[in-house]
Amino acid sequence: MSTPTTTDTASTTSRRGEPILQVRDLSVDFYVEGEWFSAADQISYDVHPGEVLAIVGESGSGKSQSSMSLLGLLPPNGRTRGSAKMGEVELVGLTGPALRRIRGNEIAVIFQEPMTALNPVYPVGFQIVETLRTHFDMGPTRAKERAIELLELVEMPNPQVRFNSYPHQLSGGQRQRAMIAQSLACDPKLLIADEPTTALDVTVQAEILKLMRDLRSRIDSGIILITHDMGVVADMADSIVVMRRGKVVEHGTADDIFNRPQHAYTRELLGAVPHLGGKSAVQVGERAPGVAPTPGAGEEAADLAG
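Computed from a predicted model, the values in this text were never measured in an experiment.

### Quick notes on the confidence of the model for the chain
If pLDDT is low for a region, its predicted coordinates should not be looked at in detail. Residues at a pLDDT of 70 or more form 84% of the chain, whose mean pLDDT is 83. A low-confidence stretch, residues 1-15 stays under pLDDT 50, and its non-local contacts, those more than four residues away or across chains, total 17 contacts. Note on residues 276-306: pLDDT under 50 across the span, and 65 contacts to partners over four residues away in sequence or across chains.

Here it is, written out as structure tokens:
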């Protein structure tokens with residue numbers, strides 16, 4: 001696949017119409033020992049239908065906390081300032097039934113570790129059925145049929161059998177597929193994928209990335225991809241926000257970021273990706289055969305919120 005040009009990317013975005021999500025000057029703070037500490041400071045971006053926006057940076061950069069704040073998923077000592085709008089709905093400050101209508105229906109999350117996100121005491125099919133029946137007027141028979149359809153959509157092996165499997169009976173990749181199926185149950189306008197392949201081995205990572213690439217061509221949801229892995233970004237992203245220490249240091253199309261990086265930290269992230277035979281393994285829109293996603297710069301560390 002050829003590298004997209006800036007003009008191609010811009011024209012594609014313009015055809016998509018109004019953005020699903022408009023984030024302006026979004027800030028996240030945590031109150032610790034009598035003081036407010038900033039985790040994310042004045043972040044702004046748009047996400048359009050069918051677009052993958054990657055938010056990249058090492059752990060502690062604020063990428064996950066800023067995204068979780070969109071759904072009010074901060075710990076009790078957290079606060080969100082600024083604006084994040086889906087259409088005319090302001091997400092910042094939304095609470096109660098209004099927030100619950102957004103969760104799942106409009107925005108769904110694919111978490112990093114499905115073993116902790118899925119309930120271990122219920123079969124995965126039951127959990128998808130419960131999601132469907134919570135949000136839709138749907139009987140148990142139709143909900144089960146739809147749950148199996150969703151498992152088929154995410155290419156779960158033997159979906160009718162796996163419907164009755166408990167999370168511990170599935171492999172890591174199968175658990176991730178089950179969680180993606182649950183996330184897609186309500187046809188959300190926006191998917192937040194928080195390090196969706198980090199907990200998987202490299203072979204399964206490649207399978208899940210292929211699944212996500214296939215899904216984006218079959219659904220028209222926008223995707224926020226949170227990762228520190230520039231190989232994943234090269235596979236998936238249309239546009240990229242680079243974060244460091246809670247601030248956006250660079251924001252542009254995938255073509256701009258990979259081929260014309262402006263900030264020293266962006267160049268550091270790209271420079272950390274191994275090269276094969278003198279050619280970078282990371283090219284926008286393509287990957288050298290057999291090359292698995294490779295972690296970007298920075299060590300894994302505890303997030304600011306703990």
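Let us keep going from here.
### As for helix α9 (residues 202-218)
In this model, α9 (17 residues) spans 25 Å end to end at C-alpha, consistent with the 24 Å of a helix rising 1.5 Å per residue. Among all positions in α9, only V204, Q205, I208, L209, L211, M212 and L215 are buried. The buried residues of α9 occupy an angular sector of 160 degrees when projected down its axis, which confines them to one face. Away from its buried face, by an angle of more than 90 degrees, α9 presents the exposed residues T203 and S217. Looking at the buried side of α9, the elements it contacts are α6 (140-153), α8 (172-183), β7 (190-194) and α10 (230-236).

### A few points about the pattern of salt bridges
Inspection of the entire model under this criterion finds 12 salt bridges. D255 is the partner of R260 in a salt bridge, and the nearest nitrogen-oxygen pair spans 2.5 Å.

### Notes on a nonpolar patch on the surface
Taken together, V121, Y122 and F126 make up a surface patch of nonpolar side chains, about 280 Å² in accessible area. Following the sequence through the fold, V121 ends up in the loop between α4 (114-117) and α5 (124-135). Residue classification places V121 among the exposed residues on the basis of a relative accessible area of 55%.

### Considering the pairing of β7
Taken across its 5 residues, β7 has 5 buried, putting it largely inside the fold. Here β7 shows a buried face lined by L190, I192 and D194 and a second buried face lined by L191 and A193. Of the strand pairs in this sheet, strand β6 (residues 107-110) and β7 are connected by 4 bridges, and their pairing is parallel. If you follow V109 over to β7, its bridge partner there is I192. Both β7 and strand β8 (residues 222-227) contribute to a ladder of 5 bridges, which runs parallel. Bridge pairing links I192 to I224 in β8. For the crossover that starts at β7, traverses α9 and ends in the parallel β8, the hand is right-handed.

### Brief notes about the sheet that holds strand β4 (residues 78-86)
Spatial strand order, β2-β1-β4-β5: 4 strands in an open sheet with antiparallel pairing. Strands with a single pairing partner mark the edges of an open sheet, and in this sheet they are β2 (35-47) and β5 (89-90).

### So, the packing of aromatic side chains
Any two aromatic rings considered together are summarised by their centre-to-centre distance and by the angle between their planes. Tallying each qualifying case throughout the model produces 2 aromatic pairs. Here the aromatic rings of Y31 and W36 are separated by 5.0 Å at their centres, their planes lie at 55 degrees, and the arrangement is tilted. According to the relative accessible area criterion, Y31 is partly exposed, its value standing at 41%. A residue is classified by how much of its surface remains accessible, and W36, at 40% relative accessible area, is partly exposed. Their ring planes at 20 degrees and their centres at 4.8 Å tell us that Y122 and F126 sit as a pair that is stacked.

### Here's the deal with the nonpolar core
Ranked by internal contacts, the top residues of the largest apolar core, which has 52 residues, are V56, I180, M230, V233, I240 and F258. The element contributing the most residues to this core is α9, with 6 residues.

### What about the environment of I224?
One can find I224 in strand β8. Look at I224 and you get buried, because its relative accessible area is 0%. Through-space distance from the C-alpha of I224 to that of I240 is 9.6 Å; in sequence the pair is 16 residues apart. With sequence-adjacent residues up to four places away left out, I224 is seen in contact with L21, Y45, V47, L53, I55, S67, L70, L190, L191, I192 and A193.

### Looking at the environment of A181
Position of A181 relative to the elements: it lies in helix α8. Relative accessible area serves as the criterion here: at 0%, A181 is assigned to the buried category. In this structure, the C-alpha to C-alpha distance between A181 and E149, residues 32 residues apart in sequence, is 9.0 Å. Those residues in contact with A181 that lie beyond four places of it in its chain are I128, L150, L151 and V154.

What counts, and at which threshold
Residues numbered from 1 in each chain as written. Predicted model: local features only at pLDDT ≥ 70, side-chain atom pairs only at ≥ 80, totals over all residues. Heavy atoms only, no water. pLDDT = per-residue confidence, 0-100. Contact = heavy atoms within 4.5 Å. Helix = DSSP H or I, 4+ residues; strand = E, 2+ residues; numbered from the N terminus. Expected span 1.5 Å × (residues − 1). Buried < 20%, exposed > 50% of the residue type's maximum accessible area, 1.4 Å probe, protein only. Arc of directions from axis to C-beta. Salt bridge = Lys/Arg side-chain N within 4 Å of Asp/Glu carboxyl O. Patch = residues over 30% accessible without salt bridge, like charges linked within 9 Å, V, L, I, M, F, W, Y side chains within 5 Å. Areas by Shrake-Rupley, 256 points an atom, 1.4 Å probe, with all protein chains shown as cover. Pairing = 2+ DSSP bridges. Right-handed = clockwise from strand over helix to strand, strands pointing away. Phe/Tyr/Trp six-rings, centres within 6.5 Å; stacked < 30°, edge-to-face > 60°. Core = buried A, V, L, I, M, F, W, Y, C linked by side-chain atoms within 4.5 Å.

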